[in-house]
Amino acid sequence: KGIDHLYCVFTPHALLARTGIFKLKNSDAATHNIKSSSKIHPFNVNLSPGAEDANEFKRAEKEPFASSCAIHAWMAFYTLVVDHPYAAVTDEKGMFRIENLPAGTHEFRVWHERAGTLELDFTVTVPSGAETDLQKKTYPASKFKL
């Protein structure tokens, strides 16, 4: 996994990264700077057009962190570093899927870039050999600073 730049936009905007190597790529025609706000994995890299770089995420983070471009103030993305495959980023409809989640009761955290942590102890019980369809969750608009 990694992040790319195209048309002065980071792609993807929100991502999960497993511990290990994290690739940074600039497919844009402009130079960009990527600065992480992570206290565990700080980096500040300039990437000229067509350049690539890599950083190593050595351990998981409790919360997603923002990264931005110091050259283009509107550019930002969010990364959650995990050391397991059981996490997801929702699609544009708020849907997600976590494949191969073992049977049992699992705790999840719900986070949004505007609201921060919405729910700390979101518990899901997965029966053996079955798919679990979660009930729709809603949060008040006031949480999102709208």
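Residues numbered from 1 in each chain as written. Predicted model: local features only at pLDDT ≥ 70, side-chain atom pairs only at ≥ 80, totals over all residues. Heavy atoms only, no water.

Asker: Where do I start with the sheet that holds strand β3 (residues 14-18) in this structure?
Answerer: Note: strands within a sheet are paired through backbone hydrogen bonds, in either parallel or antiparallel orientation. Spatial strand order, β3-β9-β8-β5-β6: 5 strands in an open sheet with mixed pairing. Sheet topology places β3 and β6 (44-47) at the edges, where each strand pairs with a single neighbour. Averaged over all pairs of adjacent strands, the angle between strand axes in this sheet comes to 25 degrees, irrespective of strand direction. Bridge analysis of β3 against strand β9 (residues 76-82) gives 5 bridges, and the strand direction is parallel. Of the residues in β9, the one forming a bridge with Leu 15 is Thr 79. (Pairing = 2+ DSSP bridges. Helix = DSSP H or I, 4+ residues; strand = E, 2+ residues; numbered from the N terminus. Axes fitted to C-alpha atoms, helices over the stretch in contact; angles between N-to-C directions.)

Asker: Explain the pattern of salt bridges here, please?
Answerer: Side-chain pairs of opposite charge can arise where the charged atoms are in close proximity. The final tally for this structure, using the stated rule, is 4 salt bridges. Among the charged side chains, a network of salt bridges with common partners joins Arg 97, Glu 99 and Glu 131. (Salt bridge = Lys/Arg side-chain N within 4 Å of Asp/Glu carboxyl O.)

Asker: I'm lost on the pairing of strand β8 (residues 65-68) in this one. Help?
Answerer: Working note: regular strand, side chains alternate between the two faces of the sheet. Going residue by residue along β8, you find Phe 65 and Ser 67 tucked away on one face and Ala 66 and Ser 68 left uncovered on the opposite face. Alignment of strand β5 (residues 32-36) against β8, held across 2 bridges, turns out to be antiparallel. Of the residues in β8, the one forming a bridge with Ser 36 is Ser 67. (Buried < 20%, exposed > 50% of the residue type's maximum accessible area, 1.4 Å probe, protein only.)

Asker: Which parts of the structure should I look at to understand the sheet that holds strand β4 (residues 20-26)?
Answerer: As summarised here, the arrangement of the 4 strands in space is β2-β1-β4-β7, forming an open sheet in which the pairing is mixed. Lying at the two open borders of the sheet, with one neighbouring strand each, are β2 (10-11) and β7 (52-57).

Asker: Teacher, can you tell me more about the packing of aromatic side chains here?
Answerer: Centre-to-centre distance and the angle between the planes together describe a pair of aromatic rings. On inspection of all chains with the given rule, the structure shows 5 aromatic pairs. Taken together, a centroid distance of 6.5 Å and an interplanar angle of 40 degrees make the contact between Phe 43 and Phe 57 tilted. Separated by 14 residues along the polypeptide, Phe 43 in the loop between β5 and β6 and Phe 57 in strand β7 bring together distant segments of the chain. Note on accessibility: Phe 43 and Phe 57 belong to one class, buried. Taken together, the ring pairs connect Phe 22, Phe 43, Phe 57 and Phe 65 into an aromatic cluster. (Phe/Tyr/Trp six-rings, centres within 6.5 Å; stacked < 30°, edge-to-face > 60°.)

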